Amino acid sequence: MSQINDRQLVRAALEGGKNAYIPYSNYRVGAALLSASGEVFSGCNVENAGYSPTICAERTAMVKAISEGHQQFSCIAVVSRGAGSPCGVCRQFMFEFAPDMRVILADLDGQVRMVTTAAELLPHGFGPANLDAG
Ligand SMILES: [Zn+2]
């Protein structure tokens, strides 16, 4: 299993955020996702002049991992100014794959402000099990 600790994951998120494309909001976000197999996938937010095509750092990291065959995740670190919490779309996206995943929220100095889970961020979330319910 992975030997990476929270501090290292936060550092990877800070590194990932360096590539953020944020000409409109100037709100830099970095993410680092730890797969169950111990691999780290980083992400950043990528804005767009059309606004709605914008993608968040959390989903960038998750899509990178999923596209490379990973669907089980144990932790994600997200760093931003003031340690903002994930948007609703990202909460739903996390809940789909890893409701029990730990979510570490840190500021741009790497200070951890909150540790929670995807399920705690999306109480009573709608997920794959709902489609199986009779
Ligand atoms: Zn988001």
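See the structure shown above.
Summary of the structure given here. Note that the structure is a prediction, hence the values are computed from the model and not measured. (Residues numbered from 1 in each chain as written. Predicted model: local features only at pLDDT ≥ 70, side-chain atom pairs only at ≥ 80, totals over all residues. Heavy atoms only, no water.)

### Points about the sheet that holds strand β1 (residues 29-35)
The strands making up a sheet associate through hydrogen bonds between their backbones, and the pairing can be parallel or antiparallel. Note the following rule: Pairing between strands requires that DSSP locate at least two bridges from one strand to the other. Here a helix means four or more residues in a row that DSSP labels H or I, a strand means two or more in a row labelled E, and each is numbered from the N terminus. Angles here are taken between N-to-C directions and fall from 0 to 180 degrees, while the axes themselves are lines fitted to C-alpha atoms, restricted in helices to the stretch in contact. Contacts are residue-level and defined by heavy atoms, with any inter-residue pair within 4.5 Å sufficient.
Pairing is mixed in the open sheet, where five strands are placed in the order β2-β1-β3-β4-β5. If you trace the sheet from one side to the other, it starts and ends with β2 (40-44) and β5 (112-117), each paired once. Recorded for the sheet is a direction-independent mean angle of 15° between the axes of neighbouring strands. Pairing of β1 with strand β3 (residues 73-80) involves seven bridges; the strand directions are antiparallel. Paired with Ala31 across the strands is Val78, a residue of β3. Taken strand by strand, helix α1 (residues 6-17) contacts β1, β2, β3, β4 (102-106) and β5, and its axis lies near 135° from that of β1.

### Description of the pairing of β1
Our working definition: Note on exposure labels: buried denotes an accessible area under 20% of the residue type's maximum, exposed denotes more than 50%, and partly exposed covers the range between, all computed with a 1.4 Å probe on protein chains only.
Counting buried positions over the seven residues of β1 gives seven, a clear majority of the element. Every second residue of β1 is oriented toward a common face, with Val29, Ala31, Leu33 and Ser35 on one face and Gly30, Ala32 and Leu34 on the other, all of them buried. Hairpin connection from β1 to β2: four residues lie between these consecutive antiparallel strands, with Gly38 at a positive phi of about 95°.

### Looking at the coordination of the zinc ion
For the record, the criterion: Listed donors are limited to N, O and S atoms within 2.8 Å of the metal, widened to 3.2 Å for Na, K and Ca; water is not among them, so incomplete-looking sites are possible.
Donor atoms from the polypeptide that coordinate the zinc ion comprise Cys56 (SG), Cys87 (SG) and Cys90 (SG), at 2.3 Å from the metal. Of note, the zinc ion draws all its donor residues from one chain, in the sequence arrangement C-x30-C-x2-C. Here Cys56 is found in the loop between β2 and α2 (57-67), whereas its partner Cys90 is found in helix α3 (residues 88-97), with 34 residues between them in sequence. What makes Cys90 buried here is its relative accessible area of 1%.

### Focus: the side chain of His70
Selection rule: Polar contacts here mean pairs of N or O atoms no more than 3.5 Å apart (in protein, one a potential hydrogen donor and the other a potential acceptor; neighbouring residues in sequence count only if both atoms are side-chain atoms).
Residue placement: His70 occurs in the loop between α2 and β3. Within the local environment of His70, its side chain forms a polar contact with the side chain of Glu39, the two groups lying 3.3 Å apart. Ignoring sequence-local partners within four residues, the contact set of His70 consists of Ser35, Ser37, Glu39, Phe41 and Ala65.

### Details of the layout of surface pockets
Under the convention used in this document: Cavities and pockets were defined on a 1 Å grid built over protein atoms only: a cavity is a set of grid points that admits a 1.4 Å probe from which the probe cannot escape, a pocket is an open set flanked by protein on both sides within 12 Å along at least five of seven lines, and lining residues are those with an atom within 4 Å of any such point. Grid points are joined across faces, edges and corners, and a volume is the space filled by probe spheres set on the points.
One number sums up the size of the largest pocket: a volume of about 210 Å³. For the lining of the largest pocket, the secondary-structure elements that each account for two or more residues are α2 and β3.

### A short note on the pattern of salt bridges
Using the following cut-off: One side-chain nitrogen of Lys or Arg within 4 Å of one carboxyl oxygen of Asp or Glu is enough to make a salt bridge.
On inspection of all chains with the given rule, the structure shows three salt bridges. The residue Asp6 makes a salt bridge to Arg102 at a minimum N-O spacing of 2.7 Å. Taken together, the positions of Asp6 in helix α1 and Arg102 in strand β4 put the pair 96 residues apart, joining distant regions of the chain. Taking relative accessible area as the criterion, Asp6 reaches 31% and is therefore assigned partly exposed.

### Considerations on the pairing of β2
Across five bridges, β1 lies against β2 in antiparallel orientation. Of the residues in β2, the one forming a bridge with Gly30 is Cys44.

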